[in-house]
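One letter stands for each residue in the lines below.
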Amino acid sequence: MSEPVAAFRSVAIVGTGPTGLYTLHHLLRSPQPVMVTLFETGSLAGVGLPYSPEAAQVAMLANIASIEIPPLSQTYLDWLSQQPDAVLAVYGVDKASLHDRQFLPRLLLGAWFRDELERMLAEAPLHGHRVALREATRVVDVAPVGDDLRVSFDAGEGEESLLFSHVVLATGHVWPDDPAQDRGLFVSPWTGLVEAQVPAGPVGVLGSSLSGIDAAMAVACQHGRFTDGDRAFHPDAGAQALRITLMSRQGLLPEADFWCPLPYQPLVHLTEAAVLREIGDGADGLLDRLWRLFVAEMAVADPAYAETVGLAYLTPEGFADAYFAPRLAADPFDWASANLAQVDRNTAARRVVGWRYAILRMHEPMEAAVPELTPADRDRFDALKRVFIDNYAAVPPQSIRRLLALHRAGCLDLLALGEGYELSRTDGVTEVRAEDGATAAFPVFIDARGQRALGAEDLPFAALRARLAKGAVAMTPDFALRDVGDGRLFLPAAPYLLHRMPFAQGICVSADMGAAVARAIQPDAQAQAA
Ligand SMILES: Cc1cc2nc3c(=O)[nH]c(=O)nc-3n(C[C@H](O)[C@H](O)[C@H](O)COP(=O)(O)OP(=O)(O)OC[C@H]3O[C@@H](n4cnc5c(N)ncnc54)[C@H](O)[C@@H]3O)c2cc1C
């Protein structure tokens, strides 16, 4: 009997950031010919929002190094080492000192992604695939039509549509629109801040993590320069009034990224298999059972730390308090300075901080259990979630060095807002009232809080929205919508996943999602993609 012939796949990938790119990469590695149309609303496909000139400047660093970035046709480092010296110099990079743990400007990473896209476009026909690219084309809707999916799009000349067998909505980040035309108010760092001229005066930045640091860098680099290996900041003449205030509930700065063995060494107790076993034993008491695994893992990884914080006697909430307490008690810049010195020493000596490395590795298996927690346990998990995020969202040491330089130059401060803070904007000034009653006023105010979780009602596709119940979008493990599209419509986009995958951000997640989606579309992509 002859083998059944697989139906020909005609795939639309909407969005060409890292998730769209890795999906394409894995699809093209399938021996079955596939036809792919890429839609990208931006004028330059393949770059991805955080790595594009619209959202990044040279001073903004990626917090992931080549050693962690899943290769495309080659590793990021291999590509870097083939670039001309003069090109690297534009990004402040010296070819002779390139290495696989370096944190480099996000723009450079975007240039690699773009080159990889061009290579895929050129090589696809050699393997029997066909790929069409539609840049500057916004997809406006998706709807099932019989066995197909209709994609409606607008390339600036009115709406058109095409039919596909599969659609991948790799639409990435969603930031608030900026309806108010207020030149001093940025509803996100990606709504015009990179091009805006910000006066050298008080600038309030809500958020003190990676996006907050980006916002501070965007403003600081307009008014001065860093020297001495980023240890000093010199405001330009006339820019002495620059005062950036980073604000967050706790008033903490992120930690500097620390040295650790990569790829991750296996965990002993809180393994994927152990988490699956606990999930199998039911939702009641699941968080407490996982917590026992967490405690056991920490006791192996760093017995001294476990002993010092009294881990064996703590709940998840109690541990989160104990984890942040020393930082909350210290001056944040003194703490950052000491943390940076420790990271520099440990990196030079290849020394691992056991408890940090254990927490970093545990966030991945732990995430699988989050959708299975009872609502009460989900609330309790929030405390632990902050600990995990604090670990994996550590920032490049160079970013901390620059923050310290800005602070020493009198251009940067930090404000703890507490839980019950208030914001109001009147007559072009944002007034911030912290929980303890302290107030501050900012003519320029940048909201740099991270990506918030979105639901079906937030989808920018009206026909699709109308077919889905409000709230978290139900999806299969390979990111296919459960309620529309018969398993052929995929939504691997972080904002819609955060409800059940709270750590769904970053290039490695994009690569994993791309591989999973490609396997679901073209099952024989599996062997190649693994
Ligand atoms: C400021 C910032 C910095 C970050 N830095 C890092 C980092 O250093 N390291 C790391 O690992 N992760 C980082 N991240 C996390 C980030 O989530 C991922 O690295 C990655 O960008 C996610 O890729 P994506 O393709 O899902 O989304 P995106 O990069 O957002 O790409 C989505 C693409 O879809 C396009 N698009 C959207 N809607 C439509 C439509 N309707 N029609 C057509 N095209 C559309 C967009 O134009 C965009 O090109 C950062 C995130 C932010 C916000």
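A.B. asks: In this structure, what is going on with the packing of helix α7 (residues 286-301) against helix α12 (residues 375-392)? I would like to understand it.
C.D. replies: Between two packed helices, the angle of one axis relative to the other and the distance separating the axes together describe the packing. The contact between α7 and α12 brings their axes to 10 Å, and the two run at 25 degrees. One way to sum up the angle between α7 and α12 is to call them roughly parallel. Of α12, the residues touching α7 (which contributes L286, L287, D288, W291 and F294) are D377, R380, F381, L384 and F388. Here the contact of α7 with α12 is built from residues that sort into seven nonpolar, no polar and three charged.

A.B. asks: So what exactly am I meant to see when it comes to the pairing of strand β14 (residues 422-426) here?
C.D. replies: Remark: a regular strand shows side chains that alternate across the two faces of the sheet. Of the pairings in the sheet, the one linking β14 to strand β15 (residues 429-433) comprises five bridges and is antiparallel in character. In the sheet register, R425 faces β15, and the bridge partner there is T430. Taken together, β14 and the strand that follows it, β15, pair antiparallel across an intervening segment of two residues, in which D427 is found at a positive phi of about 50 degrees.

A.B. asks: Can you walk me through the packing of aromatic side chains in this structure?
C.D. replies: Each aromatic ring pair is described using two quantities: the centre-to-centre distance and the angle formed by the ring planes. Enumeration according to the criterion identifies 23 aromatic pairs in this entry. Their ring planes at 80 degrees and their centres at 6.5 Å tell us that Y22 and F113 sit as a pair that is edge-to-face. Remark: F113 occurs in helix α4 (residues 106-123) and Y22 occurs in helix α1 (residues 18-28); sequence separation between them is 91 residues. You'll find Y22 and F113 in the same group, each marked buried. Ring geometry for Y76 versus W112: centroids 5.4 Å apart, planes at 40 degrees, classification tilted. Residue Y76 is found in helix α2 (residues 76-81), and its partner W112 is found in helix α4; the two are separated by 36 residues along the sequence. Relative accessible area serves as the criterion here: at 3%, Y76 is assigned to the buried category. Aromatic ring contacts, followed pair by pair, group W291, F294, Y305, F319, Y323, F324, W355, F381, F388, Y392 and F503 into a single cluster.

A.B. asks: Would you take a moment to explain the pairing of strand β12 (residues 243-248) for this structure?
C.D. replies: In terms of burial, β12 is a largely internal element, five of the six residues being buried. Sheet topology note: the β12/strand β13 (residues 412-416) ladder contains five bridges and is parallel. Counterpart to L246 in the pairing with β13 is L414.

A.B. asks: Can you walk me through the nonpolar core in this structure?
C.D. replies: Side chains that are nonpolar tend, in soluble globular proteins, to be buried together. Membership of the largest hydrophobic core comes to 118 residues, with the highest contact counts inside it found for L109 and V167. With eight residues, helix α16 (residues 507-521) is the single largest residue contributor to this core. Here V167 is in contact with A12, V14, V142, L149, V151, R488, L489 and F490, once residues within four sequence places are set aside. Of all hydrophobic cores here, the second largest spans 37 residues; its members include L293, F319, Y323 and F381.

A.B. asks: How should I be thinking about the pattern of salt bridges in this particular structure?
C.D. replies: Enumeration over the complete set of coordinates arrives at 18 salt bridges. In this structure, R327 and D390 form a salt bridge, with 2.7 Å as the shortest nitrogen-oxygen distance. Taken together, the positions of R327 in helix α9 (residues 316-329) and D390 in helix α12 put the pair 63 residues apart, joining distant regions of the chain. Judged by relative accessible area, which is 4%, R327 ranks as buried. Between D344 and R401 there is a salt bridge; the shortest N-O distance is 3.1 Å. With D344 in helix α10 (residues 332-349) and R401 in helix α13 (residues 397-408), the pair connects residues that are 57 residues apart, well separated along the chain. For R401, a relative accessible area of 15% translates into the label buried. Each of the salt bridges in this network shares a partner with another, and the network as a whole consists of E255, R327, R356 and D390.

A.B. asks: So what exactly am I meant to see when it comes to the sheet that holds strand β5 (residues 148-154) here?
C.D. replies: Two modes of strand pairing occur in sheets, parallel and antiparallel, and in both the strands are linked by backbone hydrogen bonds. Strands sit in the order β4-β5-β6 across an open sheet of three strands; the sheet is antiparallel. For this open sheet the edge positions go to β4 (138-145) and β6 (159-164), each flanked by a neighbour on one side alone. Pairwise comparison of adjacent strand axes, ignoring direction, gives a mean angle of 25 degrees for this sheet. The pairing of β4 with β5 spans seven bridges and is antiparallel. Bridging across to β5, A143 finds its partner in R150.

A.B. asks: What's the story with the site of the ligand in this structure? I'm lost.
C.D. replies: Close to the ligand lie 32 residues; T19, E40, Y51, N63 and H173 are nearest. Between the ligand and L49, the relevant distance is 3.0 Å, taken from an oxygen atom to a main-chain nitrogen or oxygen of the residue. Contacts to the ligand include H173, whose side-chain N or O atom sits 2.7 Å from an oxygen atom. Protein chains shield 91% of the accessible area of the ligand, which is 990 Å² for the free molecule. Put simply, the parts of the chain that give the shell around the ligand at least two residues each are α1, β4, α5 (210-223) and α16.

A.B. asks: How should I be thinking about the side chain of S152 in this particular structure?
C.D. replies: Within the secondary structure layout, S152 lies in strand β5. Those residues within four positions of S152 in sequence are excluded, and the remaining contacts are R138, V139, V140, D141, E159, E160 and S161.

A.B. asks: Looking at this model, I keep getting lost on the domain arrangement of the protein chain. Mind explaining?
C.D. replies: Quite often, the size of an interface is put as the accessible area lost when its parts meet. Under the domain assignment, the protein chain is made up of domain 1 (9-174 + 452-529), domain 2 (185-254 + 398-447) and domain 3 (272-392). The interface of domain 1 with domain 2 comprises eleven residues on the first partner and eleven residues on the second. For the pair domain 1 and domain 2, the two sides together bury roughly 950 Å², of which 57% comes from carbon and sulfur. Ranking the residues of domain 1 by area buried against domain 2 places Q57, A59 and L61 at the top, with a combined share of 46%. The tally of links from domain 1 across to domain 2 stands at one salt bridge. Residue R106 is joined to D214 by a salt bridge in which the shortest nitrogen-to-oxygen separation is 2.5 Å. Our enumeration of links across domain 1 and domain 2 arrives at three residue pairs in polar contact (both at pLDDT 80 or more). For the side of domain 1 that touches domain 2, the per-class residue count stands at seven nonpolar, two polar and two charged.

Conventions used here
- Residues numbered from 1 in each chain as written.
- Predicted model: local features only at pLDDT ≥ 70, side-chain atom pairs only at ≥ 80, totals over all residues.
- Heavy atoms only, no water.
- Axes fitted to C-alpha atoms, helices over the stretch in contact; angles between N-to-C directions.
- Helix = DSSP H or I, 4+ residues; strand = E, 2+ residues; numbered from the N terminus.
- Parallel < 35°, antiparallel > 145°, perpendicular 65-115°, else oblique.
- Contact = heavy atoms within 4.5 Å.
- Nonpolar A, V, L, I, M, F, W, Y, C, P; charged D, E, K, R; others polar.
- Pairing = 2+ DSSP bridges.
- Phe/Tyr/Trp six-rings, centres within 6.5 Å; stacked < 30°, edge-to-face > 60°.
- Buried < 20%, exposed > 50% of the residue type's maximum accessible area, 1.4 Å probe, protein only.
- Core = buried A, V, L, I, M, F, W, Y, C linked by side-chain atoms within 4.5 Å.
- Salt bridge = Lys/Arg side-chain N within 4 Å of Asp/Glu carboxyl O.
- Near = heavy atom within 4 Å.
- Polar contact = N/O pair within 3.5 Å; in protein donor to acceptor, adjacent residues only side chain to side chain.
- Areas by Shrake-Rupley, 256 points an atom, 1.4 Å probe, with all protein chains shown as cover.
- Domains from an automatic or database assignment.
- Buried area = accessible area lost by both parts, 1.4 Å probe.

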